[in-house]
Amino acid sequence: MSITTEERAGVIDRLIDAEQERFRKMHPRSADAWQEGKRHFLYGGPSHWMRRWAGGFPVYVDEASGAHIRDIDGHDYIDFCLGDTGGMCGHAPEAVIDAALRQLKRGATMMMPTEDSLWVGAELSRRFGQRHWTLTTSATDANRAAIRIARMITGRPKVLVFSGCYHGGVEEAHVEIRDGRVGLRNMIHPNGIDHDTVTRVVEFNDVAALEAALAHGDVACVLAEPLMTNFGMIPVDPGFHQALRELTRRSGTVLVIDETHTLSCGPRGYTGIHALQPDIFVAGKAIAGGIPAGVFGLNQEISERLWAIVPHVNPRERQSAHLGFGGTLAGNALTVATMRAVLEKVLTDENYSRMIATATRLADEIRGLIEANRLPWHVTQIGARAEIMFMAQQPRSGADVIAGRQAGLETLLHAFYMNEGILVTPFHTMLLMCPATSDADIALHTAVFVGFIDLLRKTGV
Ligand code: PMP
């Protein structure tokens, strides 16, 4: 006899309770630290994102190295979260340590360039296309700057994003379509912003909706990941990028491609692999090996349009001095030195080959288990990133994810993973490889995933 949806939800809830109880018992020191943290920090940890772990509270890290983390209770984890991509180089990579130490001894931040920046600029253009680059302290900052520039040169107010997107702390991107209506994503507070004035949102892979939204002529830029990675993984339909490029060109809309996560596709990002032609290219997170950094690069045409508004001038001329974006620490000597180390020695062709081969092995094993057990789930792997989703079909849009996602089961898997020594990003089930992720790590993951399937089977869900 099969159980009803409500009964099933009740069983999953009780299983989550049991896993959280197991987690508490296994992590007495982290539990105490979390209680103490709540006395000092607004949401318990130094960043509010740190409270989202499915065990009920985060583990406190003693040390992280390569693909592994050890917590203060002495447990070892295979880290497939990798700081939600910021740690994609692996933890504490030697080249980054050496570069950072060398530069720290020579000065971290002076608001003056170092010669390393010349190498970094040339390398960014070699990988991602000839552009004029700016460094920022985060991908959020890079996206905000890209939007500001798009508005400056087009004089238009709106930013178009795809439902289910995430681009950082960017007001314009906090929107989604739910039940056919445009609203704020994840119950996020509107923050006094009139989102009708500043945004348009359409479903990913929907060319007709995109065309209609751009036809109003009021969209400064489309801000998009080349494939969606923040609402599960939503692959892009063949031909969609071509349509996106043609429609943005035709409507005079700036195209911003945010490769912050999809740098995991390969050394030159999805843009390099598929010869995309964004007007503005954005990346961040792993690009300086964990030292806070983002980059954005304008193509020649967009650069010239910006220079027409804010020209290069002798510093004695005071007009147009302030671009309205930046950050005093952006592009500082430390960031530039570590970015150089990452691009020269860590995110190399060779390491990408290894990471992608590891991800392929992981995804093949998961797919095999899903098929052997006839589970209505799937795994998507693109480059060094894999995503397990508890729905039978790959989604094509945010609407598909909203319709098919099983949030309770995701939380249960994440809590179970933590108790079995595996970390994945807390927001959905993304598993990312770094150069140090090993065959032994993949084998252990497979064993744990088998255990999870057994747990569900035993409890009848
Ligand atoms: N763009 C994308 C695609 C992201 O996934 C994120 C963060 N998850 C950001 C931008 C923002 O990055 P940060 O929080 O480091 O500014």
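Residues numbered from 1 in each chain as written. Predicted model: local features only at pLDDT ≥ 70, side-chain atom pairs only at ≥ 80, totals over all residues. Heavy atoms only, no water.

Colleague: Explain the domain arrangement of the protein residue by residue, including any values.
Modeller: The domain boundaries assigned to the protein delineate domain 1 (5-88 + 349-459) and domain 2 (94-346). Each of domain 1 and domain 2 has a C-alpha centre, and the two are 28 Å apart. Contact residues are listed per partner, giving 29 residues for domain 1 and 30 residues for domain 2. Interface area for domain 1 against domain 2, summed over the two sides, is near 2,400 Å², with a carbon-plus-sulfur share of 61%. Put simply, domain 1 and domain 2 have two salt bridges between them. (Domains from an automatic or database assignment. Contact = heavy atoms within 4.5 Å. Buried area = accessible area lost by both parts, 1.4 Å probe. Salt bridge = Lys/Arg side-chain N within 4 Å of Asp/Glu carboxyl O.)

Colleague: Tell me about the sheet that holds strand β13 (residues 378-382), and name the residues and values.
Modeller: If you trace the three strands from one edge of the open sheet to the other, you get β13-β14-β16, paired in antiparallel fashion. Two strands close off the open sheet at either side, each with one partner strand: β13 and β16 (430-432). Neighbour-to-neighbour, the strand axes of this sheet turn through a mean angle of 20°, independent of strand direction. In this sheet, β16 lies alongside strand β14 (residues 385-389) in antiparallel orientation, the contact comprising three bridges. Each residue of the ladder has a partner; that of E387, found in β16, is M430. (Pairing = 2+ DSSP bridges. Helix = DSSP H or I, 4+ residues; strand = E, 2+ residues; numbered from the N terminus. Axes fitted to C-alpha atoms, helices over the stretch in contact; angles between N-to-C directions.)

Colleague: Let's hear about the site of the ligand: which residues, and what values?
Modeller: Within the structure, the ligand sits among 14 residues, and T140, N230, D258, H261 and K285 are positioned closest to it. Separating an oxygen atom of the ligand from a side-chain N or O atom of N230 is a distance of 2.8 Å. D258 has a polar side-chain atom sitting 2.6 Å from a nitrogen atom of the ligand. Within the complex, 85% of the 400 Å² of free accessible area of the ligand lies under protein. Counting residues per element, the shell around the ligand draws most heavily on helix α5 (residues 139-154), at three residues. Within the shell around the ligand, the residues separate by chemical class into two nonpolar, eight polar and four charged. (Near = heavy atom within 4 Å. Polar contact = N/O pair within 3.5 Å; in protein donor to acceptor, adjacent residues only side chain to side chain. Areas by Shrake-Rupley, 256 points an atom, 1.4 Å probe, with all protein chains shown as cover. Nonpolar A, V, L, I, M, F, W, Y, C, P; charged D, E, K, R; others polar.)

Colleague: So what's going on with the sheet that holds strand β1 (residues 61-65)? Which residues, and what values?
Modeller: Strand order in the open sheet formed by four strands is β1-β2-β3-β15, and the pairing between neighbours is mixed. Each end of this open sheet is capped by a strand with a single partner; those strands are β1 and β15 (422-423).

Colleague: Residue-level account of the layout of surface pockets, with values.
Modeller: Taken as a whole, the second largest pocket spans an internal volume of roughly 1,300 Å³. Around the second largest pocket, the lining is made up of 40 residues, and of these W133, T134, L135, L323 and F325 lie nearest the centre. Listed by contribution, the elements that provide at least two residues to the lining of the second largest pocket are α4 (116-128), β4 (132-136), β12 (294-298) and α10 (300-309). The residue makeup of the lining of the second largest pocket, split by class, is 22 nonpolar, 16 polar and two charged. (1 Å grid on protein atoms, 1.4 Å probe; cavity = no way out; pocket = protein on both sides within 12 Å on 5 of 7 lines; lining within 4 Å. Points joined across faces, edges and corners; volume = space filled by probe spheres on them.)

Colleague: Please set out the nonpolar core residue by residue, giving values where relevant.
Modeller: W377 and F449 are the most contacted members of the largest nonpolar core, which has 67 residues in total. Of all the elements, helix α12 (residues 349-372) adds the most residues to this core, at eight residues. Looking at which domains feed residues into this core, each of domain 1 (5-88 + 349-459) and domain 2 (94-346) gives three or more. Those residues in contact with W377 that sit more than four places away from it in its chain are I370, M389, F390, M391, A392, L409, F449, F452, I453 and L456. Judged by nonpolar contacts, the second largest core, of 53 residues, contains F162, I280, L298 and M389. (Core = buried A, V, L, I, M, F, W, Y, C linked by side-chain atoms within 4.5 Å. Buried < 20%, exposed > 50% of the residue type's maximum accessible area, 1.4 Å probe, protein only.)

Colleague: With reference to specific residues and values, describe the packing of helix α1 (residues 5-26) against helix α14 (residues 407-419).
Modeller: In the contact formed by α1 and α14, the axes pass within 9 Å of each other and the chain directions differ by 25°. Here α1 is positioned roughly parallel relative to α14, judged by the angle of their axes. Of the two possible hands of crossing, α1 and α14 adopt the one that is left-handed. Here R8, I12, L15, I16, E19, R22, F23 and M26 of α1 lie close against α14, whose contacting residues are G408, L409, T411, L412, A415, F416, M418 and N419. (Parallel < 35°, antiparallel > 145°, perpendicular 65-115°, else oblique. Left-handed = near helix turned anticlockwise from the far one by under 90°.)

Colleague: If you had to explain the pairing of strand β6 (residues 175-178) to someone new, which residues and values would you point to?
Modeller: Note: β6 against strand β7 (residues 181-184), four bridges, orientation antiparallel. Paired with I177 across the two strands is V182, which belongs to β7.

Colleague: Go over α10, please, and point to the residues and values.
Modeller: Residues of α10 that are buried include every one of I302, S303 and L306, and no others. All buried residues of α10 lie within an arc of 100° about the axis, which places them on one face of the element. Buried positions along α10 lie against β4, α5, β10 (254-258), β11 (280-284) and β12. (Arc of directions from axis to C-beta.)

Colleague: Run through the pattern of salt bridges, naming residues and quoting values.
Modeller: On inspection of all chains with the given rule, the structure shows 23 salt bridges. Between E36 and R39 there is a salt bridge, with its nearest N and O atoms 3.1 Å apart. Of this pair, E36 and R39 both sit in helix α2 (residues 28-40), three residues apart, which is roughly one turn of that helix. Here E36 falls in the partly exposed class, since its relative accessible area comes to 39%. You can call R39 exposed: its relative accessible area is 64%. Several salt bridges share partner residues, and in doing so they unite E19, R22 and E420 into one network.

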